[in-house]
Amino acid sequence: MQSTGGPRPIGSFARSEAGKPGRRALYDAAETLRHWPDCRNVKALTNHECGYRMRVGDWRILFDVQDRIRIIMIQEVKKRDERTY
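Right, let's walk through the structure included here. As the structure is a computational prediction, the values presented were derived from the model and not from experiment.

Along the chain, Ile61 turns up in strand S3 (residues 59-66). The class for Ile61 is buried, based on a relative accessible area of 0%. Between the C-alpha atoms of Ile61 and Ile74, which are 13 residues apart in sequence, the distance is 7.0 Å.

Below, the structure is given as structure tokens:
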């Protein structure tokens, strides 16, 4: 999966804040987005700049989907807290 830019790619964010098992889980979860819309732990967001979020333990992958040409852009990976959404 290619990084589309943004604040920080998934690898650099997870490398700095998640342990090795956490990085693997985040990467594996992001890879399941290839099978969109057949993904687990995904919820559509309302009143948020990102369209969807995927739950991975205490982490959230925030992303948008362009269905016409099937592009999924991961916008952020954040540790869940009171300011995540």
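Structure shown, so let's carry the discussion forward.
Right, let's get into the nonpolar core. The nonpolar side chains of a soluble globular protein tend to be buried with one another. In terms of nonpolar packing, the biggest core is built from 14 residues, with Leu33, Trp36, Met54, Ile61 and Phe63 touching the most fellow members. Elements that contribute at least two residues to this core include exactly helix H2 (20-32), strand S2 (52-56), S3 and strand S4 (71-79). The greatest single-element share of this core, amounting to four residues, is contributed by S3. The residues touching Met54, leaving out its near neighbours within four places in the chain, are Ala29, Thr32, Leu33, Cys39, Arg40, Asn41, Val42, Trp59, Arg60, Ile61 and Phe63.

What counts and how
- Residues numbered from 1 in each chain as written.
- Predicted model: local features only at pLDDT ≥ 70, side-chain atom pairs only at ≥ 80, totals over all residues.
- Heavy atoms only, no water.
- Helix = DSSP H or I, 4+ residues; strand = E, 2+ residues; numbered from the N terminus.
- Buried < 20%, exposed > 50% of the residue type's maximum accessible area, 1.4 Å probe, protein only.
- Core = buried A, V, L, I, M, F, W, Y, C linked by side-chain atoms within 4.5 Å.
- Contact = heavy atoms within 4.5 Å.

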